[in-house]
Amino acid sequence: SLATEIAGIAFPNLMTNAAGVSCETTQELNAVLASEAGGVTTKSATPVARPGNPTPRQELLPLGSINSMGLPNRGLGYYLAYATQRQALAGQDLPAEVAAETAQHKPVILSVSGLSIEDNLAMLKDIQQSPFTGLTELNLSCPNVVGKAQLGYDFEAVVATLTEVFSHFTKPLGLKLPPYFDFFQFDGIAEAVGRFPIAYVNMINSIGNGLAIDAETETVLIKPKGGFGGIGGELVKPTALANVRAMRLRLHPDIKIIGTGGIRTGQDVFEHVLCGADAVQVGTELWREGPGVFKRLSEELRAIMKEKGYGSLDDFRGKLKTM
Ligand code: DHB
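Here the structure is a predicted model, which means the values were calculated and not measured.

*Asks:* For this particular structure, what's the right way to read the packing of aromatic side chains?
*Replies:* Each aromatic ring pair is specified by the distance between its two centres and by the angle formed by the two planes. Counted under the stated rule, the structure contains eight aromatic pairs. Plain terms: the ring middles of F270 and Y310 are 6.4 Å apart, the flat faces sit at 20 degrees to each other, and that makes the pair stacked. With a gap of 40 residues between them, F270 in helix α8 (residues 266-275) and Y310 in the segment after α10 (293-308) connect regions that are remote in the sequence. Look at F270 and you get buried, because its relative accessible area is 7%. Aromatic ring contacts, followed pair by pair, group Y153, F155 and Y180 into a single cluster. Lying across the ring of Y78, R74 places its NZ or CZ 5.8 Å from the centre.

This is the structure in C-alpha cells:
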C-alpha cells in the first residue's frame with residue numbers, strides 16, 4: 001500500500017500536488033482528486049483574491065521550472081468553502097461507486113500565505129472558527145511578492161509568528177518552509193519549529209530568485225521582478241532531499257515531514273521516503289504532465305518496492321544508510 005497518515009488524517013496515496021500547481025480553481029482541485037493522488041493541496045490563499053503578477057510568469061526549463069506567480073488566488077473564503085464541502089462529503093454514507101467517483105475520503109490540505117503576519121493570523125482565526133478540521137499549511141516561504149522577505153529565513157520571526165498562532169489555533173497545522181543550505185540553518189529552523197506542536201513540515205518550496213534566460217534573444221524568460229523567480233523540478237532535488245533528511249534527523253518523530261522537490265519518477269519518491277518523508281508532493285512534473293503523473297509515479301514506486309521486497313513505506317522510510 002502507498003497509504004500514509006498525518007495528524008490522524010489518512011491519505012490513500014502518499015502523493016499530492018504541491019501548492020501552486022493545478023489547485024487555483026475547484027476544477028483543477030477536482031482533477032487532482034480524480035487522479036491517483038492521495039489528496040489535494042489548495043493554492044496558497046491570501047485574505048482577499050489576487051490576480052498575481054504580470055505574465056509570462058512561469059516557464060518550464062530543460063531540467064525544471066521557474067515561476068514568479070505572485071500569489072494569484074481566489075481568496076481564503078473560496079478554498080475554505082471547498083475544503084469544508086469536501087469534509088461534509090467525506091462524512092456521508094455513499095454507495096461505493098459514488099464514493100470512488102467523488103474520491104470521497106481524499107483529504108484537502110488548506111494552504112495559506114498572507115502578505116503579513118497580521119494576514120496570516122486573521123486567516124488562521126477564520127479557519128479556527130470554521131467547521132474545517134483538516135490540515136492547514138502555513139506557507140512561510142513565498143519568494144515572489146515584491147518587497148516581502150521569506151519569513152522562513154528569519155528564525156526569530158518564525159518563533160514570534162508561531163507563538164501568536166498557537167495562542168489561539170488548535171487545529172492541525174503544517175509549515176511550508178524554504179530550502180536551507182547551511183548546517184546553522186538546519187539547526188536554527190529545527191530548534192525554532194521544534195518548540196511548537198506542529199503536525200508537519202513540508203520542504204522545500206522553490207529555490208528563490210533564480211534566473212533563466214534565452215541566449216538567442218538575450219532576454220529573461222519571465223516578466224515579473226526582472227526575470228527572477230523560484231526554481232523547481234529536477235534542478236532542486238538534491239537540496240530537497242538534504243532538507244528532508246536534515247529535518248528528520250533533528251525533529252521529534254511526532255512531527256511528520258512532507259517531501260517536495262524534484263520528483264519526476266517513482267525512484268525520486270522512493271528517495272524522499274528513504275530520507276524520511278511521510279508524504280510527498282509533486283509540482284513541476286505535475287505541471288509538465290498533468291494529473292496522470294500520479295498513476296505513473298505510483299506504478300514506478302510499486303515496481304521498485306516489489307523488486308526490493310518492501311511491502312509498505314514503513315519498511316524503508318527514513319532508513320537511509322550512511323557510510
Ligand atoms: C507563490 C510562489 C511560492 O513559492 C509560494 O510559496 C507561494 C506563492 C507565487 O508566486 O504565487
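*Asks:* Explanation requested: the pattern of salt bridges in the structure shown.
*Replies:* Scanning all chains against the criterion turns up 16 salt bridges. E271 is the salt-bridge partner of K237, the closest N and O atoms lying 2.8 Å from each other. One end of the pair, K237, is in helix α7 (residues 237-250); the other, E271, is in helix α8, and 34 residues separate them in sequence. The burial state of K237 is the same as that of E271; both residues are buried.

*Asks:* What's the story with the sheet that holds strand β5 (residues 58-61) in this structure? I'm lost.
*Replies:* Hydrogen bonds between backbone groups are what pair the strands of a sheet, and the pairing can be parallel or antiparallel. The antiparallel open sheet is built from four strands, whose spatial order is β5-β6-β14-β11. Where the open sheet ends on each side, the last strands, each with one partner, are β5 and β11 (207-211). Shown here is a sheet whose adjacent strand axes are inclined to one another by a mean of 35 degrees, direction ignored. As judged from the four bridges shared by β5 and strand β6 (residues 64-67), these two strands associate in the antiparallel manner. Residue pairing for β6: L60 is matched across the bridge by S65.

*Asks:* Looking at this structure, I do not really get the pairing of strand β8 (residues 135-139). What am I missing?
*Replies:* Regular strands show a simple pattern: their side chains alternate between the two faces of the sheet. Among the five residues that make up β8, five are buried, leaving the element largely enclosed by the rest of the structure. Neither face of β8 is open: one carries L135, E137 and N139, the other T136 and L138, and all of them are buried. Examined bridge by bridge, strand β7 (residues 108-112) and β8 share four bridges and lie parallel to one another. Within β8, the position partnered with S111 by the bridge is E137. Note: β8 against strand β9 (residues 173-176), four bridges, orientation parallel. In the strand pairing of β9, E137 is matched with G174. One crossover worth recording links β8 to the parallel β9 by way of helix α5 (residues 155-165), and it is right-handed.

*Asks:* I would appreciate a short explanation of a nonpolar patch on the surface in the present structure.
*Replies:* Nonpolar side chains collect at one region of the surface, where L211, I213, V220 and F228 lie side by side and expose about 350 Å² of accessible area between them. Mapping V220 onto the fold places it in strand β13 (residues 219-220).

*Asks:* Could you clarify how one ought to interpret unusual backbone geometry in this entry?
*Replies:* A negative phi angle characterises most non-glycine residues, just as the trans form characterises most peptide bonds. The amide bond that connects T55 to the next residue, P56, takes the cis arrangement and shows omega of 0 degrees. If you trace the backbone, P56 turns up in the loop between β4 (40-41) and β5. In this model, M203 is joined to I204 through a cis peptide bond whose omega is 20 degrees. With respect to the secondary-structure elements, I204 resides in the loop between β10 (200-203) and β11.

Definitions and limits used
- Residues numbered from 1 in each chain as written.
- Predicted model: local features only at pLDDT ≥ 70, side-chain atom pairs only at ≥ 80, totals over all residues.
- Heavy atoms only, no water.
- Phe/Tyr/Trp six-rings, centres within 6.5 Å; stacked < 30°, edge-to-face > 60°.
- Helix = DSSP H or I, 4+ residues; strand = E, 2+ residues; numbered from the N terminus.
- Buried < 20%, exposed > 50% of the residue type's maximum accessible area, 1.4 Å probe, protein only.
- Lys NZ or Arg CZ within 6 Å of the ring centre and 35° of its normal.
- Salt bridge = Lys/Arg side-chain N within 4 Å of Asp/Glu carboxyl O.
- Pairing = 2+ DSSP bridges.
- Axes fitted to C-alpha atoms, helices over the stretch in contact; angles between N-to-C directions.
- Right-handed = clockwise from strand over helix to strand, strands pointing away.
- Patch = residues over 30% accessible without salt bridge, like charges linked within 9 Å, V, L, I, M, F, W, Y side chains within 5 Å.
- Areas by Shrake-Rupley, 256 points an atom, 1.4 Å probe, with all protein chains shown as cover.

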